[in-house]
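Inside the fold
Listed here are the chains, written in short residue letters.
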Amino acid sequence: MGAVGLLYVGAVLFLNGLMLLGKVDPRATGIFNLFVGALQVITPTLLIVFNPADTATILGASGIYLFGFTYLYVGINLLGGFDSTGVGYFSLFVAIMALGYSYANFQLLGDPAFGVIWLYWSFLWALFFVLLGLKRTRITRYTGWVTAIQGWVTAAIPAFMILTGAWRDTGLLAIILAVFGLVVFAVLWPLTRHAEPAGETPEAPAEPTRMHRFRRT
């Protein structure tokens, strides 16, 4: 994924996480999802058109579409007030495919750091599946925190490091990322579970208010 596009993936993940935590209005977040989703669809299309024989470029571009279609889907859902079960089950597809891209980064592209980052993304999209597809609303706050944190750890910070030439020792970075993810996301689970009342439901498109809409989905 290009460093510039990855930077804005960080921004949209951060905003989506804040939305799940009730800090940002879903309609405002939906607009930005459309911006980033369009970027993440146009960019890989151009990469494929201008590099038809470069299999490594096409492999990388194909992964960007997973993000682009997710953000477009989320943005349309938030602005239109639709049920987001479809987003949830598409997220299951993305979570499974992310495991394949993780393998490709470890074994084919020689970038273990992004191999770990794709595992992060697989975990995140699996949470979206549980929250939006299966309607397990008790994980809303946990998913919100994981989304916001991943916006920085898997996207904004790596993108800035790549742009400034600091993304070098990918083996060491992979270890740091793996340890950070295991510790932080494990600690977050009991903290967010206690913070969320048993009867609280995330917003969903079928509910009267815009915030209640997304969270139920």
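Above this note sits the structure.
Criteria and thresholds
- Residues numbered from 1 in each chain as written.
- Predicted model: local features only at pLDDT ≥ 70, side-chain atom pairs only at ≥ 80, totals over all residues.
- Heavy atoms only, no water.
- Helix = DSSP H or I, 4+ residues; strand = E, 2+ residues; numbered from the N terminus.
- Buried < 20%, exposed > 50% of the residue type's maximum accessible area, 1.4 Å probe, protein only.
- Contact = heavy atoms within 4.5 Å.
- Areas by Shrake-Rupley, 256 points an atom, 1.4 Å probe, with all protein chains shown as cover.
- Core = buried A, V, L, I, M, F, W, Y, C linked by side-chain atoms within 4.5 Å.
- Polar contact = N/O pair within 3.5 Å; in protein donor to acceptor, adjacent residues only side chain to side chain.
- Patch = residues over 30% accessible without salt bridge, like charges linked within 9 Å, V, L, I, M, F, W, Y side chains within 5 Å.
- Salt bridge = Lys/Arg side-chain N within 4 Å of Asp/Glu carboxyl O.
- Phe/Tyr/Trp six-rings, centres within 6.5 Å; stacked < 30°, edge-to-face > 60°.

Considering the overall build of the protein chain
Helix and strand counts for the protein chain stand at eight helices and zero strands. When the elements of the protein chain are put in sequence order from the N terminus, they spell out α-α-α-α-α-α-α-α. Out of the 217 residues in the protein chain, the part that is buried amounts to 47%. Put simply, 70% of the contacts in the protein chain that link residues at least 6 apart link residues at least 24 apart. Of the roughly 9900 Å² that the protein chain leaves accessible, carbon and sulfur atoms contribute 73%.

Focus: the environment of Val74
One can find Val74 in helix 3 (residues 55–80). The spatial distance from the C-alpha of Val74 to the C-alpha of Val87 is 6.8 Å, given a sequence separation of 13 residues.

Remarks on the environment of Ala156
Along the chain, the position of Ala156 falls in helix 6 (residues 140–163). When neighbours within four sequence positions are excluded, Ala156 is seen to be in contact with Leu6, Leu7, Gly10 and Gly151.

Re the nonpolar core
By size, the foremost hydrophobic cluster in this structure holds 44 residues, and its most contacted members are Tyr71, Trp121, Trp125, Leu177 and Phe185. At the level of elements, helix 1 (3–20), helix 3, helix 4 (85–107), helix 5 (112–133), helix 6 and helix 7 (170–195) are the ones that each hand at least two residues to this core. When residues of this core are assigned to their parent elements, the largest contribution, 13 residues, is made by helix 5. Sequence-distant contacts of Phe185, defined by excluding residues within four places in its chain, comprise Tyr120, Phe123, Tyr142, Val146, Ile149, Gln150 and Phe180.

A word on the side chain of Asn33
One can find Asn33 in helix 2 (residues 26–50). Of the residues examined, Asn33 reaches a relative accessible area of 0% and is grouped as buried. Looking at Asn33, its side chain comes within polar contact range of the side chain of Asn16, at 2.8 Å. Beyond its immediate sequence surroundings of up to four residues, Asn33 is in contact with Val12, Asn16, Tyr71, Leu72, Val74, Gly75 and Leu78.

Some words on a nonpolar patch on the surface
Among the surface-exposed residues, Ile175, Val179, Leu182, Val183, Val187 and Leu191 lie close enough to one another that they form a single nonpolar patch of about 590 Å² accessible area. Secondary-structure assignment places Leu191 in helix 7. A residue is classified by how much of its surface remains accessible, and Leu191, at 54% relative accessible area, is exposed.

Examining unusual backbone geometry
In this structure, Lys135 is a non-glycine residue whose phi angle is positive, near 60 degrees. Here Lys135 is to be found in the loop between helix 5 and helix 6. Given a relative accessible area of 28%, Lys135 falls into the partly exposed group.

With respect to the pattern of salt bridges
Scanning the entire structure with this criterion turns up one salt bridge. Here Lys135 ties to Asp83 by a salt bridge, and the two come within 3.1 Å at their closest N and O atoms. Residue Lys135 is found in the loop between helix 5 and helix 6, and its partner Asp83 is found in the loop between helix 3 and helix 4; the two are separated by 52 residues along the sequence. For Asp83, a relative accessible area of 46% gives the class partly exposed.

Here we look at the side chain of Thr70
For Thr70, the location among the structural elements is in helix 3. For Thr70, the side chain forms a polar contact with the side chain of Trp125, separated by 3.3 Å. Ignoring any residue separated from it by four or fewer positions in sequence, one finds Thr70 in contact with Phe90, Val94 and Trp125.

Observations concerning the packing of aromatic side chains
All told, the structure shown has 18 aromatic pairs when counted by the stated rule. Note on Trp118 and Trp121: the rings are 4.9 Å apart at their centroids and 85 degrees apart in plane angle, and the pair reads as edge-to-face. Here Trp118 and its partner Trp121 are both found in helix 5, three residues apart, which amounts to about one turn of the helix. Residue Trp118 is classed as buried on the basis of its relative accessible area of 7%. An aromatic cluster is built from Phe67, Tyr71, Tyr101, Trp118, Trp121, Trp125 and Phe128, whose rings are joined through pairwise contacts.

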